[in-house]
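Each chain, written out:
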Amino acid sequence: MARYACLMILLLGMLTGCSPEYNWRQVQVADGMVQAIFPDKPETAKRTLDFAGHAVEFSLTAATVNDAVFAVGYAPLPEALEKDEAARTRMGQTVMASFYQNLGVDIPAELPAFGQPFEITGKDSGKGAVRLRATTWVLPHALVEGMVTARADAFPEQQAQEFLKGLAVGGR
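Because the structure is predicted, anything quoted here is derived from the model rather than measured.

## Looking at the nonpolar core
And step 1. Membership of the largest hydrophobic core comes to 24 residues, with the highest contact counts inside it found for V34, V72, F163 and L167.
And step 2. For this core, the elements supplying multiple residues, two or more each, are β2 (34–38), β4 (54–65), β5 (68–76), β8 (142–151) and α4 (157–165).
And step 3. Contacts of V72, omitting those with residues within four sequence positions, involve V29, V34, A36, F38, S59, L60, T61, V144, E145, F163 and L167.
And step 4. F58, A87, V95 and I120 belong to the second largest nonpolar core, which has 21 residues in total.

## With respect to the sheet that holds β5
And step 1. Pairing within the open sheet is antiparallel, and its 6 strands lie in the order β3-β4-β5-β8-β7-β6. Looking at which strands have only one partner, the edges of the open sheet turn out to be β3 (43–51) and β6 (118–124). Recorded for the sheet is a direction-independent mean angle of 25° between the axes of neighbouring strands.
And step 2. Across 9 bridges, strand β7 (residues 128–138) lies against β8 in antiparallel orientation. The partner of A134 across the bridge, within β8, is M147.
And step 3. Taken strand by strand, helix α3 (residues 85–102) contacts β3, β4, β5, β6, β7 and β8, and its axis lies near 170° from that of β7.

## Some thoughts on the environment of A154
And step 1. Relative to the elements of secondary structure, A154 occurs in the loop between β8 and α4.
And step 2. According to the relative accessible area criterion, A154 is partly exposed, its value standing at 34%.
And step 3. Each C-alpha atom of the pair A154 and R131 lies 9.1 Å from the other, and the pair is 23 residues apart in sequence.

## Remarks on the pattern of salt bridges
And step 1. Considering all chains together, one arrives at 8 salt bridges under this definition.
And step 2. Between R131 and E119 there is a salt bridge; the shortest N-O distance is 2.8 Å. Here R131, found in strand β7, pairs with E119, found in strand β6; they are 12 residues apart in sequence, far enough to count as distant.
And step 3. For R131, a relative accessible area of 15% translates into the label buried.
And step 4. A salt bridge links E157 to R133; the shortest N-O distance between them is 2.6 Å.

Cut-offs used in this document
- Residues numbered from 1 in each chain as written.
- Predicted model: local features only at pLDDT ≥ 70, side-chain atom pairs only at ≥ 80, totals over all residues.
- Heavy atoms only, no water.
- Core = buried A, V, L, I, M, F, W, Y, C linked by side-chain atoms within 4.5 Å.
- Buried < 20%, exposed > 50% of the residue type's maximum accessible area, 1.4 Å probe, protein only.
- Helix = DSSP H or I, 4+ residues; strand = E, 2+ residues; numbered from the N terminus.
- Contact = heavy atoms within 4.5 Å.
- Pairing = 2+ DSSP bridges.
- Axes fitted to C-alpha atoms, helices over the stretch in contact; angles between N-to-C directions.
- Salt bridge = Lys/Arg side-chain N within 4 Å of Asp/Glu carboxyl O.

These results come straight from atomic positions and should not be treated as a statement about function.
Shown next, in the form of structure tokens:
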């Protein structure tokens, strides 16, 4: 009987986390460097960016549900940046600072630690108050970021937490 009760509680818990709008799926992204659980079928866009004179190919894999964007950004580093820890650190800090700038929020004197989730509420042109929850990792060979952004009044708290907790960043 206790076994049956535990099974029912487990099933009810799983059903509570389900929503017809959220169709969770496990996906490998970032050249297999990141295991993610997206709330819908993600799409990937790539572009080349310049960082300190180095061409860095950046990919963004994202899924959108109810105007909330769940995304993983990935940039494999050129050999010169792999060998320069200070440059990798500056790159990660530049990325984090850009989140604050893009939302019209002052950059804090001390940015969050790499690998630690952080949250920003700011303004986006045309959208009003916007909330971002993100984590940035600076690895010896890549920069990885996981993020969820949505209107502040419609931020999917539980789903954002599930998405970010579900990110598994691996090494080479």
